[in-house]
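Here's the letter readout for the chains.
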Amino acid sequence: FDMPFVIFCGPPCSGKSKRCMELKSFITSNYKREVIVISDDVTGVPKNEIYADSKKEKETRSGLKSAVQRKITKDNVVLVDSMNYIKGFRYELFCVTKSAQSPHCVIYCDVSKENATKWNSGRPQQEQYTQDVLDALMMRMEPPDSRNRWDSPLFTIQYDDELPCQQICDAIFQRKAPSQNMSTQSQPLSSTDFLYELDRITQATVSVIIDSQKTGIVGDAITVPGADEKVRILRHISLAELQRHKRQFIKFTKMHPTSDISKLSNMFVQYLNNSIT
Ligand SMILES: Nc1ncnc2c1ncn2[C@@H]1O[C@H](COP(=O)(O)OP(=O)(O)OP(=O)(O)O)[C@@H](O)[C@H]1O
């Protein structure tokens, strides 16, 4: 009753699709399983457009997630071929698979900026990333860490490595699915989960504020994910300042933890509105 699931991740043009096709043909020729590949194509929007626009990117992520939810069954193997560069998103995917009792693994296509740039320029014009998009995404990549249970087991692949297809199949077909545990239940959360959520939520808020400032005007009220209250922007706020507020808030909240994670976003917004004057 397993529903194996593989998350590919890596910067643009790191060979994810190439590795994904390799794994797909290995599985179809060695196992009686249907392989379903889910990629950014779910949206039908060109990649440069998706990754230059945080709203489209968010829509793509939710498209990927719901495609995974729909496609995961006990007869097939789902491969997610997308950048999945945000730690929090890989965590969300992991929670989807856990609630479906699926054994999963992560394959990280590690690539140098030089190789990604070189391979990108060798692609057909319509598949190429612009250099801006490529650079920005290289910088935003949050590499997986096998100490996180949602990034484990982890296979890190360099450009000249052979893909360890058999080991990957052993991981997803032999391993028992992780047990239903706290990450799929609502409360209470272990302290690791709490700290992780605290970091994730505050970071997401900081990113939204930085992004909105690029297009917004002073005086705007910014909506951040998970909060009903808005952040008031009375002047330009630098990333450094936001990071400083974030650290202070985290320090404070660690000393006074709340049992209700859903309140964290609002608390951070209130904190920011009080601190930024
Ligand atoms: N190990 C490699 N050695 C040489 N070229 C490679 C290697 N891996 C990928 N490439 C080349 O890089 C280009 C992009 O490969 P691929 O589509 O697999 O990357 P991707 O990470 O899926 O890209 P995208 O970010 O667009 O989804 C292709 O032209 C491919 O031939």
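Residues numbered from 1 in each chain as written. Predicted model: local features only at pLDDT ≥ 70, side-chain atom pairs only at ≥ 80, totals over all residues.

1. Details of the overall build of the chain
Helix and strand content of the chain: 10 helices and 7 strands. Per-residue burial for the chain yields a buried fraction of 30% across its 277 residues. Counted over contacts in the chain with a minimum sequence separation of 6, partners at least 24 positions apart contribute 73%. (Helix = DSSP H or I, 4+ residues; strand = E, 2+ residues; numbered from the N terminus. Buried ≥ 20, exposed ≤ 12 C-beta atoms within 10 Å, placed from the backbone. Contact = placed C-beta atoms within 7 Å.)

2. A closer look at the nonpolar core
Core analysis: the largest hydrophobic core is formed by 43 residues, its most contacted members being V6, F8, V80 and I107. In contact with V6, other than residues within four places in its own chain, are L23, L79, V80, H104, C105, I107 and I172. Within the second largest apolar cluster, 13 residues are counted, among which are V224, A227, F249 and V269. (Core = buried A, V, L, I, M, F, W, Y, C linked by C-beta atoms within 7 Å.)

3. Overview of the sheet that holds strand β5 (residues 154-157)
Taken in spatial order, the 5 strands make up an open sheet running β2-β3-β1-β4-β5, and their pairing is parallel. Strand pairing shows two members of the sheet lacking a second neighbour, β2 (34-39) and β5, which therefore form its edges. If you compare each strand with its neighbour and ignore which way they point, the axes differ by 20 degrees on average. Sheet topology note: the strand β1 (residues 5-9)/strand β3 (residues 76-81) ladder contains 4 bridges and is parallel. Bridge pairing in β3 places I7 opposite V80. (Pairing = 2+ DSSP bridges. Axes fitted to C-alpha atoms, helices over the stretch in contact; angles between N-to-C directions.)

4. Side note on the environment of G219
Mapped onto the secondary structure, G219 falls in the loop between α8 (191-215) and β6 (221-222). Each C-alpha atom, one on G219 and one on L234, is 5.1 Å from the other, the two residues being 15 residues apart in sequence.

5. Some remarks on the site of the ligand
Close to the ligand lie 13 residues; G15, K16, S17, K18 and W119 are nearest. Here the residues of the shell around the ligand sort into 4 nonpolar, 5 polar and 4 charged. (Near = placed C-beta within 6 Å. Nonpolar A, V, L, I, M, F, W, Y, C, P; charged D, E, K, R; others polar.)

6. Considerations on the packing of helix α1 (residues 16-30) against helix α7 (residues 165-173)
Remark: α1 packs on α7, axes separated minimally by 10 Å, with the N-to-C direction vectors making an angle of 70 degrees. When the axes of α1 and α7 are compared, the pair comes out roughly perpendicular. In the packing of α1 onto α7, the handedness of the crossing is right-handed. Contacts between α1 and α7 involve E22, L23, F26 and I27 from the former and C165, I168 and C169 from the latter. (Parallel < 35°, antiparallel > 145°, perpendicular 65-115°, else oblique. Left-handed = near helix turned anticlockwise from the far one by under 90°.)

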